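# Geometric and topological summary
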Protein chains: 2
Amino acid sequence: MKSVLIKDIYRNTEKYEGQTVIIEGWIRTLRASKAFGFIEVNDGSFFKNIQVVFEEGLENFAEISKLSISTSIRVEGKLELTPGAKQPFEIKAISIDVEGSSNSEYPLQKKRHSFEFLREIAHLRPRSNTFSAVFRVRSLAAFAIHKFFQERGFVYTHTPIITGSDAEGAGEMFRITTLDPKNPKVDEQGEVDFTKDFFGKETSLTVSGQLQGEAYALAFRNIYTFGPTFRAENSHTARHASEFWMIEPEIAFADLEDNMELAEEMLKYIINYVIENAPEEMEFFNNFVDKGLLDRLNNVVNAEFARVTYTEAIELLKKSGQTFEYPLEWGCDLQTEHERYLTEKIFKKPVFVTDYPKDIKAFYMKLNEDGKTVAAMDLLVPGVGEIIGGSQREDKLELLEQRMDDMGLNKEDYWWYLELRKYGSTRHAGYGLGFERAIMYLTGVSNIRDVISFPRTPKSAEF
Amino acid sequence: MKSVLIKDIYRNTEKYEGQTVIIEGWIRTLRASKAFGFIEVNDGSFFKNIQVVFEEGLENFAEISKLSISTSIRVEGKLELTPGAKQPFEIKAISIDVEGSSNSEYPLQKKRHSFEFLREIAHLRPRSNTFSAVFRVRSLAAFAIHKFFQERGFVYTHTPIITGSDAEGAGEMFRITTLDPKNPKVDEQGEVDFTKDFFGKETSLTVSGQLQGEAYALAFRNIYTFGPTFRAENSHTARHASEFWMIEPEIAFADLEDNMELAEEMLKYIINYVIENAPEEMEFFNNFVDKGLLDRLNNVVNAEFARVTYTEAIELLKKSGQTFEYPLEWGCDLQTEHERYLTEKIFKKPVFVTDYPKDIKAFYMKLNEDGKTVAAMDLLVPGVGEIIGGSQREDKLELLEQRMDDMGLNKEDYWWYLELRKYGSTRHAGYGLGFERAIMYLTGVSNIRDVISFPRTPKSAEF
């Protein structure tokens, strides 16, 4: 007989009521007296455990009574409803077999552990309640994103991870090489000869798939990427990782307004999907990680997002009377304190800030008619600040070349990107959603290291 | 009025019949006489074009008549059915506006281009029929994979791309670094000091997420990865790329038999999904890229996959009387010629070959009771050979350590992987599906460079 998933028993209880079932999983807790015992078993399929009751009639009663937490077992037993009890049902064991033993050295004993400690056992922490919930929600949110875009006919595009160009025209990057680290081949001038490197030139890990995504949007109209991106920044904050995943939709025959509509619709879709498909996990986060989380998320789902230009936002912040650590002048970038004040105090809901000064934004953003601002948008949400950044793209060849010249970029490196403006250019737009930031937002978890299975940060690439 | 997607017009024609619609897209062909003209427009949402008819009454008739291929236009017109014509309907233009011009330098003129040439314009090739079909199928297949696993409750796990370990115990890897390439920091012995590198040690691009995936399977029971992997091999074949995507499910409380069942079910699911959701594209491949493709795929979907042990397979091949380039002895790895003979001539359907000699397989595969073979499986399919490789994993600590010692691996590097066998080990299994190989198989496209948006191969990392 095959084992059944504990999730299946919870979701389809009537099917199993009174039946003999087999479950397999790991012991989360065990307490036993001389005559009987209780085991909470978790099989990873579901957030909740199932309770197994065993009695002294069991052949190996003594052995089972002494098992350690995290032992893997196979239980055959009868599913019985337990009205009035804490748990809705339990399994009365007919037999319990040990598959893999454990012992008292197991680091995840039943007590509260700090998130810092749990990072050191990243291979075991998904067996804890919190991380089981985080990574199940992460999986569901990833699928929600695919589902959202696929239902709308978007083409999922795998843009390259290894790149010879720098998509942001900035951004510190990791070099990829197979040259001898100690004695790299050098050219006649004594410089490192990258033509001898694996790809015949200097290559790095991508910081964004946007530029390649634009090429695909100008073929498929609507595309999205969902892949890893990298920053070689020596940041030690709770919001920065060296390796993270990003979603970058790109839409053709679309302007900044279409872009905002898409972002709003997408964010609401993801939240709804996760609340619907992980109710137990979301309740857990709401109770134990971030009280008020569900209210905040429901508020986002039901709100019509506000819109304000950067120029208006600066005025609103100045008029607010609030003192900020960073002073505000037209032309400065908004800091998190400004962003959070705007979305939490002034608008009390998500807000798109649009039309930023061109000098604080990337070269590819479309110049507005005022000649001073670009058609950029940042989505700010309560509790976090910026969660999405995007823009309409410059679709006029001359203006794009001018911007690249102004910023000192080498146009030859971007020959193919410029060609997109020569052969049937169209208005188009897109944005980036940092996937880990979204998971932090959805779960209330405040450190990015706790929403990544095996996080990579400066001086840390364990496991 | 907003434009509608051409796909929507094809799929819901009755909704638009006789209505005025707006479409936006790129000119694929244009022919005009003095009195009227025809434009085939493609908007990327669908494989097929839509025909626009315009007449001399049009205000800008002369301008429109001279437009170049790939010009982007906006057409307002009336959708009329055209019974008896080649196309099911056409749009009678009321107005046509040019959004972005093009010119005769556009490299994708209406003629046959070699795949080699098209690789040089990888930013434009998705605008051609073949690549539009390839990358739409790629997107659908990716979604089918997510859907398959999510429907079964598998947790999608993002295993790290940057790694300090080598999952296969072999495999040539790309180094990731921020050290000065010319004058890297050195230690007292004059060796490169990787403690000064970004992560404080030598790091590489992952070749597989399996080991980390196992940690997650031992928490969630059923997980899968879907992410990029890398090989720094100087291979110039049509089947090797330096960067490619891989799917790696890992299942706990499961053995080799469960693993094969999962692989068979998954492969059939993907094929069915793509045939159902991209009928036009699949027909195109069947007619123009690989005649017999659909028969082959349908055969796979309807077949019950065969199973044979490696030992039996060697005997069958020897008895076949066929002469092979590579001679066959028990203990040798199977070559593509052997694999294809097995699946195409002997079994005439997909076949799992199991229980390979341990010496030609990786350290983590479970040793069989004979002490000579391991619980490995390769799935061979007609037309390709191996498409999936997997195994049951060694779940006994002592046997795993023994194998690592035999193969000269440093056990300390794998401390956390070994711990998975200390704390509630269970039988578990998994496999890897190379995503690009799967797309080649689904489309009949024979060069891996033609199923990757911007391929990375030795000496080539363009775009």
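Right, let's walk through the structure included here. Keep in mind it's a predicted model, so treat the numbers as computed, not measured.

### Some points on the interface of chain A and chain B
- Chain A puts 120 residues into the contact, and the matching count from chain B is 120 residues.
- Summed over the three residues of chain A that lose the most area to chain B, namely His158(A), Phe198(A) and Tyr423(A), the buried surface amounts to 9% of that side.
- Seen at the junction of chain A and chain B, the total is 16 salt bridges.
- Here Lys2(B) ties to Glu261(A) by a salt bridge, and the two come within 3.5 Å at their closest N and O atoms.
- Summed over the shared surface of chain A and chain B, the number is 51 residue pairs in polar contact (both at pLDDT 80 or more).
- The element best represented in the side of chain A that touches chain B is helix α5 (residues 129-151) of chain A, accounting for 12 residues.
- Of the residues that constitute the side of chain A that touches chain B, the class distribution is 53 nonpolar, 37 polar and 30 charged.
- Relative to strand β8 (residues 175-177) of chain B, strand β8 (residues 175-177) of chain A runs antiparallel, the two being bridged by 3 bridges. Residue pairing in the sheet places Thr177(A) in a bridge with Arg175(B) of β8(B).

### Let's talk about the relation of the copies chain A and chain B
- Laying chain A over chain B is done by rotating through 180° and shifting 0.0 Å along the axis; what remains is an RMSD of 0.0 Å. Both copies of the chain, as the preceding transformation shows, are related through a two-fold rotation axis. By C-alpha distance to the rotation axis, the residue of chain A lying nearest is Ile176(A), at 2.4 Å.

### Thoughts on the packing of α5(A) against helix α14 (residues 435-443) of chain A
All names here are of chain A.
- At a minimum axis separation of 10 Å, α5 and α14 run at an interaxial angle of 120°. Relative to α14, the element α5 lies oblique. Considering the relative orientation of α5 and α14, their crossing is right-handed. In contact with Val137, Arg138, Ala141, Ala142 and Ile145 of α5, α14 contributes Phe435, Glu436, Ile439, Leu442 and Thr443.
- The residue inventory of the contact of α5 with α14, partitioned by class, reads 7 nonpolar, 1 polar and 2 charged.

Thresholds applied
- Residues numbered from 1 in each chain as written.
- Chains lettered and ligands numbered in written order.
- Predicted model: local features only at pLDDT ≥ 70, side-chain atom pairs only at ≥ 80, totals over all residues.
- Heavy atoms only, no water.
- Contact = heavy atoms within 4.5 Å.
- Buried area = accessible area lost by both parts, 1.4 Å probe.
- Salt bridge = Lys/Arg side-chain N within 4 Å of Asp/Glu carboxyl O.
- Polar contact = N/O pair within 3.5 Å; in protein donor to acceptor, adjacent residues only side chain to side chain.
- Helix = DSSP H or I, 4+ residues; strand = E, 2+ residues; numbered from the N terminus.
- Nonpolar A, V, L, I, M, F, W, Y, C, P; charged D, E, K, R; others polar.
- Pairing = 2+ DSSP bridges.
- Least-squares fit on C-alpha atoms with pLDDT ≥ 70 in both.
- Axes fitted to C-alpha atoms, helices over the stretch in contact; angles between N-to-C directions.
- Parallel < 35°, antiparallel > 145°, perpendicular 65-115°, else oblique.
- Left-handed = near helix turned anticlockwise from the far one by under 90°.

The analysis is restricted to geometry; functional conclusions fall outside its scope.
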